[in-house]
Amino acid sequence: VPQLTQLLSTAAEKVTSLGKDWHRPCLRCEKCNKTLTSGGHAEHDGKPYCNHPCYAALFGPKGFGRGGAESHTFK
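A quick note: this is a predicted structure, and the numbers were derived from the prediction, not measured.

What counts, and at which threshold
- Residues numbered from 1 in each chain as written.
- Predicted model: local features only at pLDDT ≥ 70, side-chain atom pairs only at ≥ 80, totals over all residues.
- Heavy atoms only, no water.
- Helix = DSSP H or I, 4+ residues; strand = E, 2+ residues; numbered from the N terminus.
- Buried < 20%, exposed > 50% of the residue type's maximum accessible area, 1.4 Å probe, protein only.
- Contact = heavy atoms within 4.5 Å.
- Areas by Shrake-Rupley, 256 points an atom, 1.4 Å probe, with all protein chains shown as cover.
- Pairing = 2+ DSSP bridges.
- pLDDT = per-residue confidence, 0-100.
- Phe/Tyr/Trp six-rings, centres within 6.5 Å; stacked < 30°, edge-to-face > 60°.

1. A closer look at the overall build of the protein
Per the secondary structure count, the protein includes 2 helices and 4 strands. In the protein, the succession of helices and strands from N to C terminus is α-β-β-β-β-α. Out of the 75 residues belonging to the protein, those deemed buried represent 19%. Within the protein, contacts between residues separated by at least 24 positions form 11% of all contacts whose residues are at least 6 apart in sequence. Carbon together with sulfur atoms contributes 54% to the accessible area of the protein, which is approximately 5,500 Å² in total.

Pasting the structure below:
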């Protein structure tokens, strides 16, 4: 039972990001669903995104070295 209590306690931990409280496992990238850390991600229109590759590919600058074969792009 101690392991279950620890699991429930960890799942219920709250982090604050984007001006609101989140359960730690619920703070996820809108695009790839990767779990994020408070302060360790980007934001667009109030939604969290991982910095790389999602935010950079979706909202970052375009041009040389951006979106080519050496960059991650979404279709």
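Having seen the model, we can carry on.
2. Things to note about the pairing of strand β2 (residues 20-23)
Sheet topology places strand β1 (residues 14-17) next to β2; 4 bridges connect them, and they run antiparallel. Across the sheet, residue S17 finds its bridge partner in β2, namely K20. In textbook terms, the turn of a hairpin is the stretch between consecutive antiparallel strands, and for β1 and β2 this stretch comprises 2 residues, one of which, L18, has a positive phi near 55°.

3. Details of the confidence of the model for the protein
Detail in the predicted coordinates should be disregarded across regions flagged by low pLDDT. Of the residues in the protein, 67% reach a pLDDT of 70 or more, and the chain-wide mean stands at 79. For the protein, the element scoring lowest by mean pLDDT is helix α1 (residues 2-11), at 57; strand β4 (residues 47-49) scores highest, at 95.

4. Observations regarding the environment of P48
You can see P48 is positioned in strand β4. P48 sits 21 residues away from L27 along the chain, and the two C-alpha atoms are 7.5 Å apart.

5. Here we look at the packing of aromatic side chains
Here the structure, examined in full by the defined rule, presents 2 aromatic pairs. Arranged with centres 5.2 Å apart and planes meeting at 75°, the rings of Y49 and F59 form a pair that is edge-to-face. Of this pair, Y49 sits in strand β4 while F59 sits in helix α2 (residues 51-59); the two residues are 10 residues apart in sequence, bridging distant segments of the chain. Given the relative accessible area of 10%, Y49 is considered buried. The class for F59 is partly exposed, based on a relative accessible area of 31%.

6. Concerning unusual backbone geometry
Residues H52 and P53 are joined by a peptide bond in cis, for which omega reads 5°. Within the secondary structure layout, P53 lies in helix α2. Positioned with a positive phi, L18 is a non-glycine residue whose angle comes to about 55°. When you line up the elements, L18 lands in the loop between β1 and β2. For L18, a relative accessible area of 32% translates into the label partly exposed.

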